[in-house]
Each structure stands twice: as structure tokens, then as C-alpha cells.
Amino acid sequence: MKLSPLATASLVVSLQASSLLFTGALLAQTTNAQADSQLNKVVEAGENITQSAAKSQQKVNKLTEKVQTKLQQFKTVTKEVDGLTVYNQQMQNQLDNQMAELAQLAQSMEEVSVIERQISPLMARMITTLEDFIALDVPFLPVERAKRVNDLKAMMNRADIAVSEKFRRVLEAYQIEVDYGRTIEAYSGTLALNGQNTDVDFLRVGRVSLVYQTRDGSQLGQWQQTNGKGDWQALSQDYRLGVNKALRIARKQLAPDLMMIPLTTNISNGTLTAAAE
């Protein structure tokens, strides 16, 4: 069948329009596919950014924890440093004081030899003075006191005893002699009476009275000293009760009380009324 020119033209136009519609549809589909592809890429990029941000946040958190830990360590170390600074200052002060003490000790050690050379003759004079004093004193405990002086003399020649110990013992002997002046004491001994040694009881009241009594109480006597010379003098039996009481007080057999005893002075027949210590 043969178409007319008009129909042919219409058919051509229709075919062209269909072709255009098909082409538009294809273009639309292609555009939509491209848009979906781009959208997927954008979503993937967003997810990647989110994951990267999460990882970065984790790193930031870890760094923050490390910074806090380091900061705490820094504060701890700072406190330790401050404490050590104060401690070192104290140690330095102590060291300075010790160095000053060492300097003083060194100076003292240099002076020790000089002091030692001076103190040894002093102690020798003190012992001689003590010996002379005992010889002139009331003759109580003669053996004990003489032994003390002899021991001091022997000690002065010993090299194994320090000078300080020697001086201490000399002072101790002086202190013992001082104590004799304020104590009361009773002790036993022997005394030459009527040409024979007789056992007697001695009573010492400080240095103001030295009395003896024979064991049977039949004889009494006292030490009397005149112008540096002394001797035993007999006492009346009138003093017997007073002497017996004083002996018992000295032996702590009676409580301290007033007692009547003769006084050792330059005046004969003197008496002393005293309280026992």
C-alpha cells in the first residue's frame, strides 16, 4: 500500500516523537542511576567521616587520659620535689650545725692536752690536801679513809684510766668527806686502852663528836683535840644512857630523837644536844 505524502510525513513525525520520548526515558533513567550512585557515594563518604570522627574521638579520649595521668604524675612529683627540697634544707642545716660542732670539737681537742697537763698536777695537789686534812681531822674510820687516799695515789700512776675518770674519783672522795660532816654513824673497831687492844663501839655525829664505848659498857671516852693535837679522854658513866641511845639511833634501831652526847671541842667536858639525822 502506498501512502500519501501527508501520511508519510505524519508517520515520520510520530516516529521521531517516539524516539524522543524513548531517548528522554533513557536519559531520565540514566540520570536517576547517576543520582543514586552519587547519593551512595555521599552516604559512604558520610559513614567514612563518621567512623573517622569516632576514631579521632577515641584518640582524643586516649590522649586526654594520658594528659590527665601525666598531669597527676607531675603533681605527685612536684609534691615530692617540694618535700625533698624542704628535707634537703633541713639536712643542710643539720650538716652546717654538725660542721660547726666538729670545728668546736677540733678546737676542744687541741685544748685537751693543755687542760690535761694542768689538771694532773691539780689532782695531785687535791689528793695531798685530802691526805693532810684526814690526818688533822677527827680520827674516825682511819683504815677506810687511808685506803681511799692510797687508792687515789695508785690510780694517778695508771695509764689505763682516763683523766676524766681520775678527776671524777678524786671529786667523789671529796664528796664522801663532805658527807661525813652531816651524818651519824656507829661502827665497831679496836682501841688501845690500858696497854691492850680492846673491842669498842664508836659513835660519830658529823665531825662534832666522836665517842667510844667498850662492849660491856664499863668504859666511855671521847676524842678531844687541842691546837691540832688530839687524844682520847675518859667520860663519866653519866653519858652512858645518852651514848647508848645515840648508838641505837645510828644503827636505825630507834627513830631519830634528841640525844645528849659529849661535844668534841677544845673545851673539856663540853656537851652537845643535837637531833640525829
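Scoring rules and cut-offs
Residues numbered from 1 in each chain as written. Predicted model: local features only at pLDDT ≥ 70, side-chain atom pairs only at ≥ 80, totals over all residues. Heavy atoms only, no water. pLDDT = per-residue confidence, 0-100. Contact = heavy atoms within 4.5 Å. Pairing = 2+ DSSP bridges. Helix = DSSP H or I, 4+ residues; strand = E, 2+ residues; numbered from the N terminus. Axes fitted to C-alpha atoms, helices over the stretch in contact; angles between N-to-C directions. Phe/Tyr/Trp six-rings, centres within 6.5 Å; stacked < 30°, edge-to-face > 60°. Lys NZ or Arg CZ within 6 Å of the ring centre and 35° of its normal. Buried < 20%, exposed > 50% of the residue type's maximum accessible area, 1.4 Å probe, protein only. Polar contact = N/O pair within 3.5 Å; in protein donor to acceptor, adjacent residues only side chain to side chain. Parallel < 35°, antiparallel > 145°, perpendicular 65-115°, else oblique. Left-handed = near helix turned anticlockwise from the far one by under 90°. Nonpolar A, V, L, I, M, F, W, Y, C, P; charged D, E, K, R; others polar. Salt bridge = Lys/Arg side-chain N within 4 Å of Asp/Glu carboxyl O.

Regarding the confidence of the model for the protein
- Summary statistics for the protein give a mean pLDDT of 83 and a share of 82% for residues scoring 70 or more.
- Within the model, the stretch residues 266–277 combines pLDDT values under 50 with 38 contacts to residues more than four positions away or in other chains.

Here's the deal with the sheet that holds strand 1 (residues 184–193)
- Read across the sheet, five strands follow the order 1-2-3-4-5 without closing on themselves; strand pairing throughout is antiparallel. Looking at strand neighbours, the two that pair on one side only are strand 1 and strand 5 (229–234), the edges of this open sheet. The mean inter-strand angle of the sheet, taken between neighbouring strand axes irrespective of direction, is 30°.
- Pairing analysis gives six bridges linking strand 4 (residues 220–226) to strand 5, with the strands arranged antiparallel.

What about the packing of aromatic side chains?
- Considering all chains together, one arrives at five aromatic pairs under this definition.
- Ring plane angle 75° and centroid distance 5.4 Å describe the contact between Trp223 and Trp232, whose orientation is recorded as edge-to-face.
- Cluster of aromatic residues (ring-pair linked, three or more members): Tyr187, Phe202, Tyr212, Trp223 and Trp232.
- Sitting above the plane of the Phe140 ring, Arg204 keeps its charged end 4.9 Å from the centroid.

Quick word on the pairing of strand 4
- In terms of burial, strand 4 is a largely internal element, six of the seven residues being buried.
- Alignment of strand 3 (residues 209–214) against strand 4, held across three bridges, turns out to be antiparallel. When the sheet's bridge partners are listed, Tyr212 is paired in strand 4 with Gly221.
- Hairpin connection between strand 3 and strand 4: a loop of five residues separates the two successive antiparallel strands, and Gly217 in this loop has a positive phi of roughly 75°.

Digging into the side chain of Asp201
- Looking at the element boundaries, Asp201 is found in strand 2 (residues 196–205).
- One polar contact links Asp201 to Arg215, side chain to side chain, over a distance of 3.3 Å.

Regarding the pairing of strand 3
- Within strand 3, six of the six residues are buried, leaving the element largely enclosed by the surrounding structure.
- Burial along strand 3 is two-sided: Ser209, Val211 and Gln213 and Leu210, Tyr212 and Thr214, pointing in opposite directions, are all buried.
- Sheet topology places strand 2 next to strand 3; six bridges connect them, and they run antiparallel. The partner of Val205 across the bridge, within strand 3, is Ser209.
- Turn length for the strand 2-strand 3 hairpin, with the two strands adjacent in sequence and antiparallel, is three residues, and the turn residue Gly206 shows positive phi of about 55°.

Here's the deal with the packing of helix 2 (residues 142–156) against helix 3 (residues 163–180)
- It is at 10 Å that the axes of helix 2 and helix 3 come closest, and there the two elements cross at 165°. Here helix 2 is positioned roughly antiparallel relative to helix 3, judged by the angle of their axes. Considering only the axes of helix 2 and helix 3, their crossing is left-handed. Residues Glu144, Arg145, Arg148, Leu152, Met155 and Met156 of helix 2 touch helix 3, and the partners they reach there are Lys166, Arg169, Val170, Ala173, Ile176, Glu177 and Tyr180.
- Split by residue class, the contact of helix 2 with helix 3 holds seven nonpolar, no polar and six charged.

Structural notes on the pattern of salt bridges
- In total, this model carries 17 salt bridges according to the counting rule given.
- Glu131 is the salt-bridge partner of Lys153, the closest N and O atoms lying 2.8 Å from each other. A residue pair is termed long-range when its members are at least 10 positions apart, and Lys153 in helix 2 and Glu131 in helix 1 (residues 5–136) qualify at 22 residues.
- The exposure class of Lys153 is partly exposed, given its relative accessible area of 35%.
- Across the pair Arg215 and Asp201 runs a salt bridge whose closest N-O atoms are separated by 3.3 Å. Linking Arg215 in the loop between strand 3 and strand 4 with Asp201 in strand 2, this pair joins segments that are 14 residues apart in sequence.

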